[in-house]
Amino acid sequence: MTDYKFEGWMGLDAESAKGNMVWQEYEPKPWEETDVDIKITNSGICGSDLHTLRSGWGQTPYPCVVGHEIVGVAVRVGSKAEGGIKVGDVVGVGAQSDSCLGRDGPCNECSHDAENYCTKLVNTYASVHRNGGKGYGGYGLYHRCPSHFVIKIPDGLAPEYAAPMLCGGVTVYSPLKHFGAGPGKKIAVAGVGGLGHFAVLFAKALGADEVVGISRKASKRQEALDLGCDDYIATDDDKDWEKHNARRFDLIISTVSSEKMPLNGYINTLGLDGTLVQVGAPEGPVPLRIFSIIPGRRRIAGSGIGSPKEIREMFQLALDKKIKPWVEKRPMKDANQAIVDMEKGKARFRYVLQN
């Protein structure tokens with residue numbers, strides 16, 4: 001038994017995505033000695049939260065507390081917890097709560113620091129843990145998570161910066177690192193928003209020769225340049241943008257989650273052996289012309305969140321390069337209004353709920 005209650009903003013149906021979450025007490029996953037309980041101080045708002053609340057990616061197992069960019073203080077640490085976590089440590093949890101970790105026999109993904117691709121991945125919310133307990137997220141007061149996926153927040157990294165990095169940040173850091181962003185590379189970021197602004201910051205920190213923002217409207221140009229972009233492409237305002245940027249980029253990180261994205265146009269701006277990595281997850285199909293890929297020996301890849309090892313690497317890079325994401329702090333009590341504002345595109349570029 002604990003002397004604290006697990007309470008949070010509960011989505012009861014798809015209407016909750018319109019700012020209709022309700023504050024309720026709930027039962028966390030049954031305690032195991034490998035777990036850590038966290039008193040939440042900060043919880044980032046991620047686009048995944050909205051997709052889940054409205055059942056955009058499939059039927060959500062309501063009731064559901066979303067939020068998987070969680071930072072807080074460890075208040076209970078199991079006797080078998082990993083990572084040297086102690087009561088009082090500032091820690092974080094991203095979009096993943098568990099994987100097989102080799103418990104069912106050797107798993108190629110888990111044995112190669114790629115737990116985020118384990119076929120038995122457990123999401124932080126709207127998922128069922130291995131012991132049968134339901135996972136609830138960070139829009140609340142407390143969170144319980146298996147310790148392997150609880151990350152210590154390094155000294156000097158502000159919690160409101162660390163929180164959105166746990167999903168939004170690592171979702172773009174991982175493919176940038178994996179596909180070789182760095183000196184000598186020209187990188188484009190499609191969608192300069194919550195995810196995209198992290199991609200710009202990390203691509204610059206990794207030393208890319210050129211980082212270019214791509215978005216629909218010219219109105220975002222100054223923000224993109226202020227973030228550190230070397231150039232900006234507004235696809236709605238230049239009808240020949242594909243031709244003007246043909247074969248320009250080595251790597252494109254696409255954070256766009258609209259089915260209407262000009263995917264084939266993005267691909268046509270890739271040079272020889274260029275790669276487009278899709279990290280935004282549309283709710284419907286996106287048309288692809290095969291003849292966008294064949295010329296130039298181009299590739300399309302996908303990438304999902306990041307492993308605990310990658311999160312720790314990302315935090316170190318953020319410290320070393322003094323990366324400061326653009327965040328706006330909102331009170332936890334105003335979570336409903338914050339998700340409405342997020343859906344309207346008002347965030348510049350991440351909202352972080354605070355208790």
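Residues numbered from 1 in each chain as written. Predicted model: local features only at pLDDT ≥ 70, side-chain atom pairs only at ≥ 80, totals over all residues. Heavy atoms only, no water.

Caption draft 1: Region of interest: the pairing of strand S12 (residues 231-234). Examined bridge by bridge, strand S11 (residues 210-215) and S12 share four bridges and lie parallel to one another. Opposite Ser215, over in S12, you have Ala234 as the bridge partner. Remark: the S11/helix H4 (residues 221-227)/S12 crossover connection has right-handed handedness. (Pairing = 2+ DSSP bridges. Helix = DSSP H or I, 4+ residues; strand = E, 2+ residues; numbered from the N terminus. Right-handed = clockwise from strand over helix to strand, strands pointing away.)

Caption draft 2: The domain arrangement of the protein chain, seen in detail. Looking at the protein chain, the domain boundaries give domain 1 (7-167 + 325-354) and domain 2 (169-302). Computed from C-alpha coordinates alone, the two centres of domain 1 and domain 2 are separated by 28 Å. Taken together, the contact pairs 13 residues of domain 1 with 19 residues of domain 2. Both sides together, the interface formed by domain 1 and domain 2 hides about 1400 Å², and carbon and sulfur atoms give 58% of it. As a salt-bridge pair, Arg348 and Glu223 come within 2.8 Å of each other at their nearest N and O atoms. Linking domain 1 to domain 2 there are eleven residue pairs in polar contact (both at pLDDT 80 or more). The biggest single contributor to the side of domain 1 that touches domain 2 is helix H2 (residues 159-178), with four residues. (Domains from an automatic or database assignment. Contact = heavy atoms within 4.5 Å. Buried area = accessible area lost by both parts, 1.4 Å probe. Salt bridge = Lys/Arg side-chain N within 4 Å of Asp/Glu carboxyl O. Polar contact = N/O pair within 3.5 Å; in protein donor to acceptor, adjacent residues only side chain to side chain.)

Caption draft 3: Geometry of the UniProt feature "domain: Enoyl reductase (ER)" (unreviewed entry) in the protein chain. In this structure's numbering, the residues bearing the UniProt feature "domain: Enoyl reductase (ER)" (unreviewed entry) are residues 19-353. Along residues 19-353 the backbone is 23% helical and 24% strand, and the end-to-end C-alpha distance reaches 14 Å. (UniProt positions renumbered as here; feature names shortened; annotations may be inferred.)

Caption draft 4: Inspection of the nonpolar core at higher detail. Counting 45 residues, the largest nonpolar core has Met165, Leu176, Phe202 and Phe315 as its most contacted members. Taken domain by domain, this core gets at least three of its residues from each of domain 1 (7-167 + 325-354) and domain 2 (169-302). In this structure, Phe315 is in contact with Ile151, Lys152, Ile153, Pro154, Leu157, Ala162, Met165 and Leu166, ignoring residues within four places of it in sequence. Ranked by size, the runner-up nonpolar core spans 25 residues in total, among them Leu50, Val65, Val66 and Tyr125. (Core = buried A, V, L, I, M, F, W, Y, C linked by side-chain atoms within 4.5 Å. Buried < 20%, exposed > 50% of the residue type's maximum accessible area, 1.4 Å probe, protein only.)

Caption draft 5: Focus on the sheet that holds S11. If you walk across this open sheet you meet the six strands as S12-S11-S10-S13-S14-S15, and the pairing is parallel. At either end of the open sheet lies a strand with only one pairing partner, and these are S12 and strand S15 (299-302). Strand after strand, the sheet turns through a mean of 20 degrees between neighbouring axes, direction not considered. When strand S13 (residues 249-254) meets strand S14 (residues 270-278), the two strands line up parallel, connected through five bridges. Among the inter-strand pairings, Ile253 is bridged to a residue of S14, identified as Val277. The strands touched by H2 within the sheet are strand S10 (186-190), S13 and S14, with S13 carrying the most contacts at an inclination of about 160 degrees. Across the sheet, helix H3 (residues 194-205) lies against S10, S11 and S13, angled at about 165 degrees from S10, the strand it touches most. (Axes fitted to C-alpha atoms, helices over the stretch in contact; angles between N-to-C directions.)

Caption draft 6: Representation of helix H8 (residues 335-343) within the structure. Within the sequence span of H8, burial applies to Ala335, Asn336, Ala338, Ile339, Asp341 and Met342. Downstream of H8 by a residue or two, Gly345 has a phi angle that is positive, lying close to 80 degrees.

Caption draft 7: Molecular detail of the state of the cysteines. Counting across every chain of the model gives zero disulfides. Considering cysteine sulfurs only, Cys100 is the nearest to Cys107, which forms no disulfide, with 3.7 Å between them. (Disulfide = S-S within 2.5 Å.)

Caption draft 8: Main features of the packing of H2 against helix H7 (residues 308-320). Interaxial distance between H2 and H7 falls to 9 Å at its minimum, and their mutual angle equals 100 degrees. With respect to their mutual orientation, H2 and H7 come out roughly perpendicular. Counting all contacts with H2, which are made through Ala162, Met165, Leu166, Gly169, Val170, Tyr173, Ser174 and Lys177, the residues of H7 involved are Glu310, Ile311, Glu313, Met314, Phe315, Leu317 and Ala318. A class-by-class count of the residues in the contact of H2 with H7 yields ten nonpolar, two polar and three charged. (Parallel < 35°, antiparallel > 145°, perpendicular 65-115°, else oblique. Nonpolar A, V, L, I, M, F, W, Y, C, P; charged D, E, K, R; others polar.)

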